Every structure is written in structure tokens, then in C-alpha cells.
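Here is how the chains run, residue by residue.
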Amino acid sequence: KNLLVEVVDAIYVDQTVEVGETYFYAITAVDRGAKESPMSSVASDSPLNLPSLVSPIEGALIETPVVFRWNSVPKATGYRVVVTTSPTSGEISEIELTPDTTVAFVGRLLSKNQRMELESGAIYYWKVIASTQNTGVENTVSSITNFKVR
């Protein structure tokens with residue numbers, strides 16, 4: 001057993017990791033009476049390089065459907081494109097996890113017969129999340145860039 005850190009909150013971000021190395025983590029809980037729980041199952045992951053966005057570039061005027069392109073990341077098994085209405089929030093995309101480095105956004109399905117599409121003249125923001133897990137758990141996130149719909 002190697003104790004990495006004791007935390008008070010139910011979150012920990014390991015800021016000492018290096019890209020390409022594999023790290024293993026498990027947790028236990030200690031109650032007020034100093035009784036320790038059994039160790040959780042071990043989780044592992046390898047930090048990835050950041051995805052590099054290719055298209056649309058910053059400030060581009062784009063026709064719909066918008067086709068997103070990025071460079072592959074070594075050891076990434078999947079990517080998810082996130083489209084938002086502001087740099088920090090307002091996700092409107094429902095783009096599935098993909099092993100590819102190109103994906104088109106054709107709109108978000110609101111109901112069986114209704115789809116929300118990108119609006120002409122609006123500015124949107126996008127980023128790519130790369131993952132090493134088949135569940136798409138976030139590993140590394142690209143920078144955010146914007147585009148305008150023609």
C-alpha cells in the first residue's frame with residue numbers, strides 16, 4: 001500500500017502525472033472513529049496529449065452541417081466533440097463517442113420529430129475530449145475555439 005494523499009473532500013486531482021505513464025488509484029474511507037473501509041477496486045489511466053483542433057478554425061464562417069476535424073492523439077481510443085453556446089457552458093451537442101478524427105454535427109434531437117440545428121449568424125464554441133476508456137471518460141480536453149454559422 002502506498003498512500004498518495006489524504007483528502008477531506010470527495011475529489012482529488014493528481015497534478016503530478018506525466019503524459020504516457022500509466023497510473024493506478026484506489027481509495028479507502030476513514031470514519032470519525034478512525035475505522036478504515038476496505039480498499040476500492042483499482043482504477044487506472046494514462047494521461048494523453050491534448051487534441052489539436054484542425055477545423056473549423058477560430059472565427060471561421062461555416063456552412064451547416066458543420067464538420068469538425070482534429071488530429072489524433074496517441075493512445076486515445078475515442079473522442080467526443082462538445083459544441084456550446086458560450087466558452088464555458090451551454091452544451092448543445094449530442095455527438096457520440098467516436099474513434100475517428102472527423103465528425104459532422106447535424107443537430108440535437110429534441111424529440112422524435114424535432115431536431116435543434118445550429119442557427120445562422122450565431123457564434124458557437126467547440127472542443128474535443130479524448131479518452132482512453134471505452135466509456136468515454138474524460139482524459140484530456142483540447143483548447144476551445146469558436147466559429148460562426150453562415
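Residues numbered from 1 in each chain as written. Predicted model: local features only at pLDDT ≥ 70, side-chain atom pairs only at ≥ 80, totals over all residues. Heavy atoms only, no water.

*Asks:* Hey, could you run me through the nonpolar core in this one?
*Replies:* Counting residues in each nonpolar core, the largest one holds 24 residues, and the members touching the most others are Phe68, Trp70, Val81, Val83, Leu118, Trp126 and Phe147. Listing elements by their share of this core, those giving two or more residues are strand E4 (60–62), strand E5 (66–70), strand E6 (78–84), strand E7 (102–105), strand E10 (123–131) and strand E12 (145–149). Apart from residues no more than four positions distant in its own chain, valine 83 is found in contact with Phe68, Gly90, Glu91, Ile92, Ser93, Ile95, Leu118, Tyr124, Tyr125, Trp126 and Phe147. (Core = buried A, V, L, I, M, F, W, Y, C linked by side-chain atoms within 4.5 Å. Buried < 20%, exposed > 50% of the residue type's maximum accessible area, 1.4 Å probe, protein only. Helix = DSSP H or I, 4+ residues; strand = E, 2+ residues; numbered from the N terminus. Contact = heavy atoms within 4.5 Å.)

*Asks:* Can you walk me through the pairing of E10 in this structure?
*Replies:* The side chains of a regular strand alternate between the sheet's two faces. In terms of burial, E10 is a largely internal element, 7 of the 9 residues being buried. With 7 bridges connecting them, E6 and E10 associate as antiparallel partners. Looking across to E10, one finds that threonine 84 is bridged to tyrosine 125. For E10 and E12, the ladder comprises 4 bridges, and the chain directions are antiparallel. Each residue of the ladder has a partner; that of tyrosine 124, found in E12, is phenylalanine 147. Pairing between E10 and strand E11 (residues 140–141): 2 bridges, direction antiparallel. The residue of E11 that forms the bridge with isoleucine 129 is valine 141. (Pairing = 2+ DSSP bridges.)

*Asks:* Any chance you could explain a nonpolar patch on the surface here in plain terms?
*Replies:* Taken together, the side chains of Leu4, Val5, Val7 and Tyr12 present a nonpolar region at the surface, about 350 Å² in accessible area. Tracing the backbone through its elements, the reader meets leucine 4 in the segment before strand E1 (23–25). (Patch = residues over 30% accessible without salt bridge, like charges linked within 9 Å, V, L, I, M, F, W, Y side chains within 5 Å. Areas by Shrake-Rupley, 256 points an atom, 1.4 Å probe, with all protein chains shown as cover. Salt bridge = Lys/Arg side-chain N within 4 Å of Asp/Glu carboxyl O.)

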